[in-house]
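# Architecture at a glance
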Amino acid sequence: MSEEPPPSRLTGLPRGLTLRALVPNAITVAALCSGLTGIRFAIVGNWEKAVLMVILAGLLDGIDGRIARLLRAQSRFGAELDSLADSLSFGMAPALILFLWSLQDLPRFGWFAALGLAICCALRLARFNAQIDMQEQPHKSAGFLTGVPAPVGAGLALLPLYLWLASGRDEFREPIGVAIWVAAMAFLMISNLATLSWTSLRPRRSIRLEMLALAGLVFAALLTEPWWTLAALCTGYLALMPYGVISYARIRRQRAARTAPAGGPDGQN
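Residues numbered from 1 in each chain as written. Predicted model: local features only at pLDDT ≥ 70, side-chain atom pairs only at ≥ 80, totals over all residues. Heavy atoms only, no water.

Turning our attention to the overall build of the chain. If you tally the helices and strands in the chain, you get 10 helices and 2 strands. Along the chain, helices (α) and strands (β) appear in the sequence α-α-α-α-α-β-α-α-α-β-α-α when read from the amino end. Of all 269 residues assigned to the chain, the portion counted as buried reaches 37%. Once local pairs closer than 6 in sequence are excluded, the contacts in the chain between residues at least 24 apart make up 79%. A total accessible area of about 16700 Å² is found for the chain, and carbon and sulfur atoms account for 66% of it. (Helix = DSSP H or I, 4+ residues; strand = E, 2+ residues; numbered from the N terminus. Buried < 20%, exposed > 50% of the residue type's maximum accessible area, 1.4 Å probe, protein only. Contact = heavy atoms within 4.5 Å. Areas by Shrake-Rupley, 256 points an atom, 1.4 Å probe, with all protein chains shown as cover.)

Take a look at the structure:
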């Protein structure tokens with residue numbers, strides 16, 4: 001009889017995950033559960049809690065990666081788990097919430113619009129994973145993102161629901177308008193537009209106190225008038241998108257000028 005080697009001698013198998021590595025992955029799983037719970041609330045018609053669950057998933061998604069870097073617990077497993085959670089929380093969850101809320105009243109095309117949002121979110125995340133090891137990423141090297149991030153895209157897609165919750169007006173629940181809006185936000189997620197990231201936002205020192213005061217006011221507004229505030233934040237993000245495209249084009253021209261050969265028009269000294 002042959003004796004099996006002890007587990008510690010088996011090559012290629014991890015000896016166990018440390019608590020430090022478990023923390024960011026646990027946060028990612030919590031974000032996944034939050035997004036799926038949003039679907040559960042949508043099924044029973046509790047739209048406020050459904051939206052809040054997607055927002056909570058976005059907040060958790062925003063901190064899991066930072067905590068992983070802080071604890072030096074980054075891993076390929078964590079990156080794959082994060083993308084899977086994002087696809088469910090920011091693709092499938094908002095798509096089903098919007099379908100149950102409005103799009104089901106639009107035969108055929110309503111379901112296609114919901115499918116488009118979920119599919120485009122998955123395609124965006126697949127593109128991100130495919131490029132994660134690529135050295136040449138022009139947008140990333142300049143501090144920009146390619147297309148609208150999945151959490152932001154989900155938040156933008158839910159804008160008609162914010163407005164309906166804030167005003168109670170059925171015009172915002174019109175399925176044709178919601179379908180067109182959802183399709184547009186799905187396209188922005190997979191577009192090649194340069195969009196702003198946190199690293200590309202660098203306020204001048206002279207206005208940093210004002211920026212802190214503005215952040216405090218936004219937080220207070222979220223507590224008192226959450227739906228109008230979320231709608232305003234979505235509008236502000238969309239208004240800043242042309243600025244991101246223009247800023248990236250300027251940086252690209254500056255890079256081209258630095259790498260251009262010195263000398264006359266023929267490139268000779």
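Now, onward.
Our next topic: the environment of Leu163. With respect to the helices and strands, the residue Leu163 is situated in helix α7 (residues 159-167). Sequence separation of Leu163 and Arg173 is 10 residues, and the distance between their C-alpha atoms is 9.0 Å. Once residues lying within four places of it in the same chain are set aside, the contact partners of Leu163 are Gly168, Phe172, Trp228 and Ala231.

This brings us to the confidence of the model for the chain. Residues of the chain with pLDDT of at least 70 account for 83%, and the chain-wide mean is 85. A low-confidence stretch, residues 1-14 stays under pLDDT 50, and its non-local contacts, those more than four residues away or across chains, total 2 contacts. (pLDDT = per-residue confidence, 0-100.)

Turning our eyes to something else, we now look at the nonpolar core. In this structure, Trp47, Ile97, Leu98, Leu103, Leu117, Leu161 and Tyr162 are the most contacted members of the largest nonpolar core, which totals 52 residues. Elements represented by at least two residues in this core include exactly α1 (19-43), α2 (47-70), α3 (76-101), α4 (109-131), α6 (150-157), α7, α8 (175-190) and α10 (226-259). The residues contacting Tyr162, other than those within four sequence positions of it, are Val51, Gly155, Trp227, Leu230, Ala231 and Cys234. (Core = buried A, V, L, I, M, F, W, Y, C linked by side-chain atoms within 4.5 Å.)

On to the side chain of Asn25. Structurally, Asn25 is set in helix α1. In this structure, Asn25 is in contact with Phe77, Gly78 and Leu81, ignoring residues within four places of it in sequence.

Secondary-structure assignment places Ser34 in helix α1. Note on Ser34: relative accessible area 5%, which makes it buried. For Ser34, the side chain forms a polar contact with the main-chain oxygen of Met53, separated by 2.6 Å. Among all residues touching Ser34, those that are not within four sequence positions of it are Met53, Leu56 and Ala57. (Polar contact = N/O pair within 3.5 Å; in protein donor to acceptor, adjacent residues only side chain to side chain.)

Judged by side-chain polarity, Ile119, Leu123, Phe187 and Ile190 come together as a nonpolar surface patch covering roughly 380 Å² of accessible area. Among the secondary structure elements, those contributing two or more residues to the nonpolar patch are α4 and α8. Looking at the secondary structure, you find Ile190 in helix α8. (Patch = residues over 30% accessible without salt bridge, like charges linked within 9 Å, V, L, I, M, F, W, Y side chains within 5 Å. Salt bridge = Lys/Arg side-chain N within 4 Å of Asp/Glu carboxyl O.)

This brings us to α1. When the terminal C-alpha atoms of α1 are compared, their 36 Å separation across 25 residues agrees well with the 36 Å that a helix rising 1.5 Å per residue should span. Among the residues trailing α1, Gly45 stands out with phi positive, at a value near 80°. (Expected span 1.5 Å × (residues − 1).)

The next thing to look at is the packing of α2 against α7. Here α2 crosses α7 at 140°, and the two axes come no closer than 11 Å. On the basis of the axis angle, α2 is oblique to α7. For α2 against α7, the interelement crossing comes out left-handed. Together, Trp47, Glu48 and Val51 of α2 and Leu161, Tyr162, Trp164 and Leu165 of α7 make up the contact between the two elements. (Axes fitted to C-alpha atoms, helices over the stretch in contact; angles between N-to-C directions. Parallel < 35°, antiparallel > 145°, perpendicular 65-115°, else oblique. Left-handed = near helix turned anticlockwise from the far one by under 90°.)

Turning our eyes to something else, we now look at the pattern of salt bridges. Inspection of the entire model under this criterion finds 2 salt bridges. In this structure, Glu80 engages Arg76 in a salt bridge whose closest nitrogen and oxygen atoms are separated by 3.3 Å. Of this pair, Glu80 and Arg76 both sit in helix α3, separated by 4 residues, roughly a single helical turn. For Arg76, a relative accessible area of 43% translates into the label partly exposed.

A few words now on the state of the cysteines. The final tally for this structure, using the stated rule, is 0 disulfides. Cys121 carries a free sulfur, and the closest cysteine sulfur to it, the one in Cys120, is 8.9 Å from it. You can call Cys121 buried: its relative accessible area is 0%. (Disulfide = S-S within 2.5 Å.)

Looking now at α6. Of all 8 residues making up α6, 6 are buried, and the element is well covered by its neighbours. Among all positions in α6, only Ala150, Gly153, Ala154, Gly155, Leu156 and Ala157 are buried.

Attention shifts here to the packing of aromatic side chains. Here the structure, examined in full by the defined rule, presents 4 aromatic pairs. Both rings, one in Tyr162 and one in Trp227, keep their centres 6.5 Å apart while their planes meet at 20°; by these two values the pair is stacked. Pair noted here: Tyr162 is in helix α7 and Trp227 is in helix α10, with a separation of 65 residues, a long-range link. Owing to a relative accessible area of 3%, Tyr162 belongs among the buried residues under this scheme. (Phe/Tyr/Trp six-rings, centres within 6.5 Å; stacked < 30°, edge-to-face > 60°.)

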